[in-house]
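What follows is the residue order along each chain.
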Amino acid sequence: MQVFREIALFLAMTFGLLKLAYRQIIRHCEERSNLLTVRISLLIAAFYLLPFTLSAQEKKDSNYGGQLSFGMRNTFSSFTDAQSIGMGAGGEFRIRLARQINTEWFADYLATDIQGMGYRHDMHIGWSVLFYFSKHPLTTGKISTYFLAGHCFDYTEVVSEWPGVSKGTRWSSAVQCGFGIHYNLTKNFDLSLLSQYMVHLGTDINSSIQVDPATGYSYMDITRQSGFSLEGHLLTTLSINYQVGRLWGKR
Amino acid sequence: MFYFIIFLLFTIPCVSQSDSSFTYKGMLRGTANFALGDMPQLNITNAYLTGNLEYYANKKISIRGDNYLFLNSLTKNSILQDNDAIYFGAFYHFLPNHHFDPLLGFQPGISHTQISIPFSGLNEAAETTICPLTSFVAGFNYFADQWFHFQLNIRYTIGEHLTTADETNISEISFNFGLGFNINVLKKKK
């Protein structure tokens, strides 16, 4: 029951804070620079950590903290403007803070074809906090489910194959949350599947299919949307991770 | 193929008869050999110089890096000009206490590719690009000696080459086998 109370408290705090932050972002970001957006998103991410930090202070969890894992991952991106599924490769490491709390730090490089008329490259570098629903997660032979929320910085490049269209690029910040599972094949080795929605906080790069009036050929046009947008995409990640040791705590 | 099946038939009985272990925590093994790859979407066959280095974190789990150096396409008029790749990931070993070591692995990777686009009857060199890849590997090691082993891998790679000139599916199934060496880097056999 205590776990459910913690989850309910966490969800209530999260949604309340997101709603508050969203209103503030909408109010300010149309007239201010992206730097403000980045600061606000960092603030949101910091609030995400608050309930986890409180949990991490429990004495009984001290034996679980400090576990360090390294892993490799493939990420599949869907529901973007591209209307096709992109694929990326990257790496990650995890630092476990408590029995039910883990952190994941990742970097990804994704490529997405845009209807055969252009492509999109995304580079993500960020971190997430994982909250396990089970009281004894990461047990060999069992599936551990978790909720995840975090923050990342990203660089996006959209390129059209049409000669007259210049490419669009942007740096932005993003927040993400989702659900995932670990399956521990051995004590130190796990397979993970994660599905999360990532919302970019910044200007959007729109790609649209146009018809050239002179030639009648279809081509991809790129426009950069001014102001603030909450453009996002669904990321599904398959990863393998190996626990190499502990940074602190009992070995 | 016939000789390969005969080889398998001879190795499988050895699995049940053997109780000594050649795989252990701290073992480092490596191999270098040639690989053949088939890209069904492009209908071409490629040749690679390939190598891998693998560390056994315990008897069942190993961490392994692979590289594929593109030599050439064996198909005439192939549009693939370059396709060097590196992979890194982990493998699960199903029979840790036997000479015969079947394995299954997952290795994300990246490749450096260049593809020529046919244009007005001529091949024009297209842009090179870096492609993210995902790959799954099935195979086995056969540890016949304390220092040497035989290895066979079948890899399925999924990827796409995206440039302003064209987008091309470079998914490939590749096959390699050869002799490898293995040493104990921890000096303490467990």
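Just so it is clear, the structure is predicted and the values come from calculations on it, not from any experiment. (Residues numbered from 1 in each chain as written. Chains lettered and ligands numbered in written order. Predicted model: local features only at pLDDT ≥ 70, side-chain atom pairs only at ≥ 80, totals over all residues. Heavy atoms only, no water.)

1. Focus on the confidence of the model for chain A
Residues and elements named next belong to chain A. Averaged over all residues, the pLDDT of chain A equals 80, while 73% of them reach at least 70. Segment residues 28-33: pLDDT under 50, and three contacts once partners within four positions in sequence are set aside and those in other chains are kept. The model gives residues 50-59 a pLDDT under 50, and that stretch makes 13 contacts with residues more than four places away or in other chains. (pLDDT = per-residue confidence, 0-100. Contact = heavy atoms within 4.5 Å.)

2. What about the environment of His93(B)?
Residue and element names in this part refer to chain B. Of note, His-93 is situated in strand E4 (residues 80-93). Residue classification places His-93 among the buried positions, given a relative accessible area of 0%. Not counting chain neighbours up to four residues away, the residues in contact with His-93 comprise Glu-54, Tyr-56, Lys-59, Lys-60, Ile-61, Ser-62, Asp-101, Pro-102, Leu-103 and Asn-141. A polar contact is formed between the side chain of His-93 and the side chain of Asp-101, at a distance of 2.9 Å. (Helix = DSSP H or I, 4+ residues; strand = E, 2+ residues; numbered from the N terminus. Buried < 20%, exposed > 50% of the residue type's maximum accessible area, 1.4 Å probe, protein only. Polar contact = N/O pair within 3.5 Å; in protein donor to acceptor, adjacent residues only side chain to side chain.)

3. Notes on the pattern of salt bridges
Under the criterion given, the structure shown has eleven salt bridges over all chains. The residue Arg120(A) makes a salt bridge to Asp122(A) at a minimum N-O spacing of 2.8 Å. Using a relative accessible area of 3% as the deciding quantity, one classes Arg120(A) as buried. Between Arg29(B) and Glu54(B) there is a salt bridge whose closest N-O contact spans 2.3 Å. (Salt bridge = Lys/Arg side-chain N within 4 Å of Asp/Glu carboxyl O.)

4. Comments concerning empty space enclosed by the protein
Residue and element names in this part refer to chain B. If you walk through the whole model with that rule in mind, you get three cavities of 30 Å³ or more. The computed volume of the largest cavity comes to approximately 70 Å³. What lines the largest cavity is Tyr-48, Tyr-68, Asn-83, Ala-85, Tyr-87, Ser-111, Leu-133, Arg-155, Thr-157, Ile-170, Glu-172 and Ser-174. Looking at the lining of the largest cavity, the elements that each hand over two or more residues are E4, strand E10 (148-162) and strand E12 (172-184). With three residues, the single largest contributor to the lining of the largest cavity is E4. (1 Å grid on protein atoms, 1.4 Å probe; cavity = no way out; pocket = protein on both sides within 12 Å on 5 of 7 lines; lining within 4 Å. Points joined across faces, edges and corners; volume = space filled by probe spheres on them.)

5. Some words on the layout of surface pockets
Leftover empty space is mapped by rolling, across the atoms, a probe with the size of a water molecule. Residue and element names in this part refer to chain A. What the largest pocket holds in volume is close to 350 Å³. Lining the largest pocket are 18 residues, with Gln-67, Lys-187, Asn-188, Gln-243 and Arg-246 positioned closest to its centre. Secondary structure elements with two or more residues in the lining of the largest pocket: strand E1 (67-78), strand E2 (86-96), strand E7 (189-201) and strand E10 (232-246). A per-class count over the lining of the largest pocket returns four nonpolar, seven polar and seven charged. (Nonpolar A, V, L, I, M, F, W, Y, C, P; charged D, E, K, R; others polar.)

6. Concerning the interface of chain A and chain B
In this complex, chain A contributes 24 residues to the contact, which on the side of chain B involves 27 residues. Between the two partners, chain A and chain B, sit three residue pairs in polar contact (both at pLDDT 80 or more). Where the side of chain A that touches chain B is concerned, the elements lending two or more residues are E1, E2, strand E3 (101-114), strand E4 (118-132), strand E5 (143-160) and E10 of chain A. Residues of the side of chain A that touches chain B, tallied by class, amount to 13 nonpolar, eight polar and three charged.

7. Observations regarding unusual backbone geometry
Among all residues save glycine, negative phi is the norm, and among peptide bonds the norm is trans. For Gln115(A), which is not glycine, the phi torsion reads 50 degrees and is therefore positive. Counting through the fold element by element, Gln115(A) comes out in the loop between E3 and E4. Since its relative accessible area comes to 40%, Gln115(A) is described here as partly exposed. The phi torsion at Asn77(B) lies on the positive side, around 55 degrees, for a residue other than glycine. The class for Asn77(B) is exposed, based on a relative accessible area of 69%.

8. Overview of the side chain of His161(B)
Residue and element names in this part refer to chain B. Mapping His-161 onto the fold places it in strand E10. Note on His-161: relative accessible area 1%, which makes it buried. Engagement of the side chain of His-161 in a polar contact is seen with the side chain of Thr-113, the distance being 2.6 Å. Leaving out residues up to four positions away in the same chain, His-161 has contacts with Thr-113, Gln-114, Ile-115, Glu-127, Thr-129, Cys-131, Asp-166, Glu-167, Thr-168 and Ile-170.

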